[in-house]
Each structure stands twice: as structure tokens, then as C-alpha cells.
Amino acid sequence: MAGGDESFELYRYHPSMAGAIIFIILFIITTALHCFQLIRTRTWFMIPMAVGGFLEWIGYVGRALSSHQAPNYTLGPYIQQAVLLLVAPALLAASIYMELGRIILLVDGESRSIIKKRFLTKIFVTGDVLSFLTQSSGGGIMAGQSLSSYKLGQKVVIIGLVIQIVFFGFFIITSVVFHQRIKKNPTAASSSPSIPWLKHLYALYVGSAFILIRSIFRVIEYSGGNDGPLLRSEVYLYIFDAVLMFATMVVFNIIHPAEVKRLLVQRQAGLGATALEADDSTEVERIEQHNLEPLKANNGGWS
């Protein structure tokens, strides 16, 4: 396909139908399971990960459609796969960011975190949204069917990916610092065998590492241009994007944050009961008196 001042091609290879179908099926399975898990347990902060799963399998549908068109590819399926596969990991990252704050709250570990709980999710999700919007804009510009538009979109995408890498790097640092501090100075909750928070923190490490590796791969890929070595072979996309993003979703299927939510609710309910038991006796009497006064008025006082 010609355009701009040089030759431009949507694909530098023939997209594999088999590869696309395999990952359509795999992402549908893990996404369906995430939908079931979040609805059954009402773990609503996992909605972005489920939506990201939808974008993944719909993106690979675009690649499957393109595989039928070789060598005369049309723009629609190309944009579908390029944009959706580019931005989907940002949605997976959003759920990962939100889980850390809940883990910190679960173990009473806010004093061990370098960021206060009320700011933690806001900072990282804001960065994630900025990365998402930047990558989406760049992906749309890249689909302009010319080398000049590809180069402009490429620069915008790289900026979005760098934003994602910076925030993810800071997120990992925040998680590790929190982990080390609470190991050295544990709280009563973090020492409790009934609160298996460590496995969820390790799940965050694994998922974060996969998304970080994928983002670094994408920066290198786009830095090579439309004719770069990583864009001349489809295998790199499947190894460093499809496999890693599918693995990320499976990790959170297996170690689902619903347990963190359930333990947090139970713990907060327990704290409420303890606080009531420890309440001042005069305050309890005042509440009881307030509730009984209407009865006394209706009966002309107690006899």
C-alpha cells in the first residue's frame, strides 16, 4: 500500500489465521472466567481487567479477518487489531493498581507504604488513563495509510508506552518498598496466618513484570519503524504480547483478588464489633435511652 513519501505496508508478513484463532479462544476463556468471578464475588475493581480481556480477543478477531485478505489488506481489521491490542494491557494494569491499595489496607500497612492509601490508587490509575488515551490516539494516527502518519502515530504511541513504563516502574518500586518495610516491621494483621496477603502481592509482581516486559517490547518494536525487524515477523507479537497478556489474566484467575476483598470485609466487620464492645458504657446507655424514650412517652412513663 502506497502513501506519503515512501512505501508503507499495513503488515510486513501474512497474519496467521491459526495463531489468531488460538488466542481468540484462549482470551475468551479467561475473560469469561473473569466475568464470572467478578460478578459472583462482586469484586468490581476487576472490571477493567475483564474489559481488557474483551479487547484482546476482539483484537485477535481483527487479525483473523486480515489473514483472509492477504495480500490486499483493508484498513478496518488492521485498525481493530492494532488499536485494541495496543491499549488492552492498560486496562489489565488498572485492576492491578487498585489491588495494591486493598492489600495495604488489609494488613494495616499504610505506615509502611511510601504513598498514602488515599493517593495510591489515584496516582497510578491517573497515569494508566493518560497512557491509555495517548496510546489510543497514536494507534489511530498510525492507521492513516501513509508513512508520514505512521511515523507521527508511532511517536505518540511510544510516548504512551513510556508513560506506562514509568508508572509501572514506580508501582513496582512502591510494592517492593512496602513489602520490605512490612517484613522488617510487621503488623499484627500481616503476621496472621489467616490473612494470606503475600500470595496476592506476588501475583501483583508477576502480572506487573509481564506487562512491563510487553511494554518494553512494544517500545522497541515501534522504535524500529514500519519496516523494523520486530514488525517483519509475527512470532514476536505472540511471544512478547499475546502469551504475556494471556498469562497475566490467568494469574489473576488463579489468585483472584476476591479473597482480598472478602478478608477485608470480614476484618472490617470484626473491627466494628470490637469497637462496639469497647465503647464507653455511658454512650451505650445514652443510645438505649434515646431508643426507649418514645415507648416511655406512649405509656406515661415507667410504672
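Residues numbered from 1 in each chain as written. Predicted model: local features only at pLDDT ≥ 70, side-chain atom pairs only at ≥ 80, totals over all residues. Heavy atoms only, no water.

Participant: Outline the overall build of the chain, supporting the account with residue identities and numerical values.
Facilitator: Assigned secondary structure in the chain consists of 9 helices and 2 strands. Listing the helices and strands of the chain from first to last along the sequence gives β-β-α-α-α-α-α-α-α-α-α. Considering the chain as a whole, with its 303 residues, one finds that 47% of them fall into the buried category. In the chain, the share of contacts with a sequence separation of at least 24, taken over all contacts with a separation of at least 6, comes to 80%. For the chain, the exposed area adds up to about 14,500 Å²; of that, 67% sits on carbon and sulfur atoms. (Helix = DSSP H or I, 4+ residues; strand = E, 2+ residues; numbered from the N terminus. Buried < 20%, exposed > 50% of the residue type's maximum accessible area, 1.4 Å probe, protein only. Contact = heavy atoms within 4.5 Å. Areas by Shrake-Rupley, 256 points an atom, 1.4 Å probe, with all protein chains shown as cover.)

Participant: Before we move on, could you go through the UniProt feature "transmembrane region" (unreviewed entry) in the chain and cite the residues and values that matter?
Facilitator: UniProt's entry tags residues 17-36, 43-62, 82-107, 119-136, 156-179, 200-220 and 235-255 with the feature "transmembrane region" (unreviewed entry), counted in the numbering of this structure. Between the C-alpha atoms that bound residues 43-62 there is a distance of 30 Å. The span itself is 80% helix and 0% strand. Overall, residues 156-179 shows 100% helix and 0% strand. The separation of its end C-alpha atoms is 35 Å. (UniProt positions renumbered as here; feature names shortened; annotations may be inferred.)

Participant: I'd like a description of the pattern of salt bridges, backed by residues and values.
Facilitator: Under the definition given, this model contains 6 salt bridges. Across the pair E259 and K199 runs a salt bridge whose closest N-O atoms are separated by 3.0 Å. Residue E259 is found in helix 8 (residues 258-277), and its partner K199 is found in helix 6 (residues 197-223); the two are separated by 60 residues along the sequence. Where R214 meets D241, a salt bridge forms, and the shortest distance between an N and an O atom there is 3.2 Å. Linking R214 in helix 6 with D241 in helix 7 (residues 235-254), this pair joins segments that are 27 residues apart in sequence. The same class applies to R214 as to D241, namely buried. Ionic contacts of the salt-bridge type, sharing partners, join the residues R214, R218, E221 and D241 into one network. (Salt bridge = Lys/Arg side-chain N within 4 Å of Asp/Glu carboxyl O.)

Participant: Describe in detail unusual backbone geometry, supporting the description with residues and values.
Facilitator: Phi at R42 is positive, roughly 55°, even though this residue is not glycine. Relative to the elements of secondary structure, R42 occurs in the loop between helix 1 (17-41) and helix 2 (47-67). Notably, D108 is not glycine yet its phi reads approximately 55°, a positive angle. Tracing the chain through its elements places D108 in the loop between helix 3 (75-106) and helix 4 (117-142).

Participant: If you had to explain a nonpolar patch on the surface to someone new, which residues and values would you point to?
Facilitator: Judged by side-chain polarity, I114, F119, I123, F170 and I173 come together as a nonpolar surface patch covering roughly 410 Å² of accessible area. Secondary structure elements with two or more residues in the nonpolar patch: helix 4 and helix 5 (147-184). Here I173 is to be found in helix 5. (Patch = residues over 30% accessible without salt bridge, like charges linked within 9 Å, V, L, I, M, F, W, Y side chains within 5 Å.)

Participant: Which residues make up the packing of helix 3 against helix 4, and what values go with them?
Facilitator: At their nearest, the axes of helix 3 and helix 4 sit 9 Å apart, and the two run at 180° to each other. Overall, the two elements helix 3 and helix 4 adopt an arrangement that is roughly antiparallel. Of the residues assigned to the contact of helix 3 with helix 4, the class counts are 16 nonpolar, 6 polar and 3 charged. (Axes fitted to C-alpha atoms, helices over the stretch in contact; angles between N-to-C directions. Parallel < 35°, antiparallel > 145°, perpendicular 65-115°, else oblique. Nonpolar A, V, L, I, M, F, W, Y, C, P; charged D, E, K, R; others polar.)

Participant: Hey, could you go over the side chain of R112 for me, with residue numbers and the actual values?
Facilitator: By secondary structure assignment, the location of R112 is in the loop between helix 3 and helix 4. The side chain of R112 sits in the buried core without any salt bridge; D108 is the nearest counter-charge, 8.2 Å away. One polar contact links the side chain of R112 to the main-chain carbonyl oxygen of N185, over a distance of 2.8 Å. When neighbours within four sequence positions are excluded, R112 is seen to be in contact with V177, F178, R181, I182, N185, P186 and T187. (Lys, Arg positive; Asp, Glu negative; His and termini not counted. Polar contact = N/O pair within 3.5 Å; in protein donor to acceptor, adjacent residues only side chain to side chain.)

Participant: Hey, could you go over the packing of aromatic side chains for me, with residue numbers and the actual values?
Facilitator: Per the stated rule, a full pass over the model turns up 19 aromatic pairs. With a centroid separation of 5.9 Å and 10° between ring planes, the pair formed by F27 and Y60 is classed as stacked. With F27 in helix 1 and Y60 in helix 2, the pair connects residues that are 33 residues apart, well separated along the chain. The pair formed by F27 and Y60 is uniform in burial state, with each residue classed as buried. A network of ring pairs unites the aromatic residues F23, F27, Y60, Y238 and F246 as a single cluster. (Phe/Tyr/Trp six-rings, centres within 6.5 Å; stacked < 30°, edge-to-face > 60°.)

Participant: Hey, could you go over the environment of L106 for me, with residue numbers and the actual values?
Facilitator: Here L106 shows up in helix 3. Look at L106 and you get buried, because its relative accessible area is 1%. When the C-alpha positions of L106 and V260 are compared, they lie 7.4 Å apart, and in sequence the two are 154 residues distant. Those residues within four positions of L106 in sequence are excluded, and the remaining contacts are A189, I195, W197, V260, L263, L264 and R267.

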